[in-house]
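# Examining the three-dimensional arrangement
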Amino acid sequence: MATYGQRQLLRLTVHYCPHSGSSSHVRSFLPSPSFLRFASANPTLEICTSAAPGRHPRLVGEYRTGWDKQISVKNLPPSEIVKYMHMLNNSSGRKITKIKTGHRSPSVQR
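Now for the pattern of salt bridges. Tallied over the full model, the rule gives three salt bridges. Arg11 is the partner of Glu46 in a salt bridge, and the nearest nitrogen-oxygen pair spans 3.3 Å. Residue Glu46 is found in strand E4 (residues 46-51), and its partner Arg11 is found in strand E3 (residues 9-16); the two are separated by 35 residues along the sequence. Judged by relative accessible area, Glu46 falls into the partly exposed class, the value being 39%. Given a relative accessible area of 28%, Arg11 falls into the partly exposed group. One salt-bridge network, held together by shared partners, links Arg11, Glu46 and Glu62.

With respect to topology, four strands assemble into an open sheet ordered E4-E3-E5-E6, the strand pairing being mixed. Among the strands making up the open sheet, the edge pair consists of E4 and strand E6 (68-72). Recorded for the sheet is a direction-independent mean angle of 15° between the axes of neighbouring strands. Here six bridges tie E3 to strand E5 (residues 58-63), and the two strands are oriented antiparallel to one another. Bridge pairing links Thr13 to Val60 in E5.

Before going further, it helps to examine the packing of aromatic side chains. In total, this model carries one aromatic pair according to the counting rule given. When the ring of Phe29 is compared with that of Phe35, the centres are 5.4 Å apart and the planes differ by 70°; the resulting orientation is edge-to-face. Judged by its relative accessible area of 1%, Phe29 is buried. With a relative accessible area of 9%, Phe35 lands in the buried category. Over the face of the ring belonging to Tyr84 we find Lys83, whose NZ or CZ atom lies 5.3 Å from the ring centre.

Turning next to the nonpolar core. Of all hydrophobic cores here, the largest spans 18 residues; its most connected members are Leu12, Val26, Leu59, Met85 and Leu88. Counting only elements with at least two residues in this core, the list comes to E3, helix H1 (24-29), helix H2 (33-41), E5 and helix H3 (78-90). Not counting chain neighbours up to four residues away, the residues in contact with Leu59 comprise Leu12, Thr13, Val14, Lys69, Gln70, Ile71, Val73, Ile81, Tyr84, Met85 and Leu88.

Within the fold, Ser28 resides in helix H1. For the pair Ser28 and Ile96, spaced 68 residues apart in the sequence, the C-alpha separation amounts to 32 Å.

Reading guide: rules and limits
- Throughout, a residue's number is its position along its own chain's written sequence, starting from 1.
- Selection of residues for local features in this predicted model requires a pLDDT of at least 70, selection of side-chain atom pairs for listing and counting requires 80 or more, and totals for whole chains, interfaces and linings are taken over all residues.
- Note that water and hydrogens are dropped before the side-chain values are worked out from all heavy atoms of the structure.
- Criterion for a salt bridge: a side-chain nitrogen of Lys or Arg within 4 Å of a carboxyl oxygen of Asp or Glu.
- Secondary structure elements follow DSSP: runs of H or I of four or more residues count as helices, runs of E of two or more count as strands, with numbering from the N terminus.
- Partly exposed residues are those whose accessible area sits between 20% and 50% of the maximum for their type, while under 20% is buried and over 50% is exposed, using a 1.4 Å probe and protein chains only.
- Between any two strands, at least two bridges found by DSSP are needed for them to pair.
- Inter-axis angles, ranging from 0 to 180 degrees, are taken between N-to-C directions of lines fitted to C-alpha atoms, where helices are fitted over the stretch in contact.
- Within 6.5 Å between ring centres, the rings of Phe, Tyr and Trp (the latter by its six-membered ring) count as paired, and their orientation is classed by plane angle as stacked under 30 degrees, edge-to-face over 60, tilted in between.
- Lysine NZ or arginine CZ positioned within 6 Å of the ring centre and within 35 degrees of the ring normal marks a charge as sitting over the ring.
- Residues belong to a common nonpolar core when they are buried Ala, Val, Leu, Ile, Met, Phe, Trp, Tyr or Cys residues joined through side-chain atoms within 4.5 Å.
- By definition in these notes, contact holds between two residues if any of their heavy atoms fall within 4.5 Å.

Written out as C-alpha cells, the structure reads:
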C-alpha cells in the first residue's frame, strides 16, 4: 500500500534453515524465476535472505513506520510464499485495530 506515493515496505527478509525439512520449499523457491520476478518488479524494495540454522522459515517485513510483520512459511509451497510476499508488500505496516462505533444501550422503559 502506498502512502503519499511511497510504498511502506522497506525491507523483506527471508529467514530459512539450510538443512531442515520445513525450509525445503523456501530453499527451492529462492533460485526460482518467480522469486526473481518479484524482486525485479519491486526495485525499491530491499530483499534479504538469512540462513538461520535450526529455525523455521519466516518472512519478515520492515516498514517505514518502524513496525514489522512476521509470517511463518513453514512447509508452504512456493505459490503460497509468493502470495505472502505480495501481502506484505501491499500492506501499510500499521497494526490492525478495531474500529470503535458509538454504543447505544437498550431502552429500559416499562
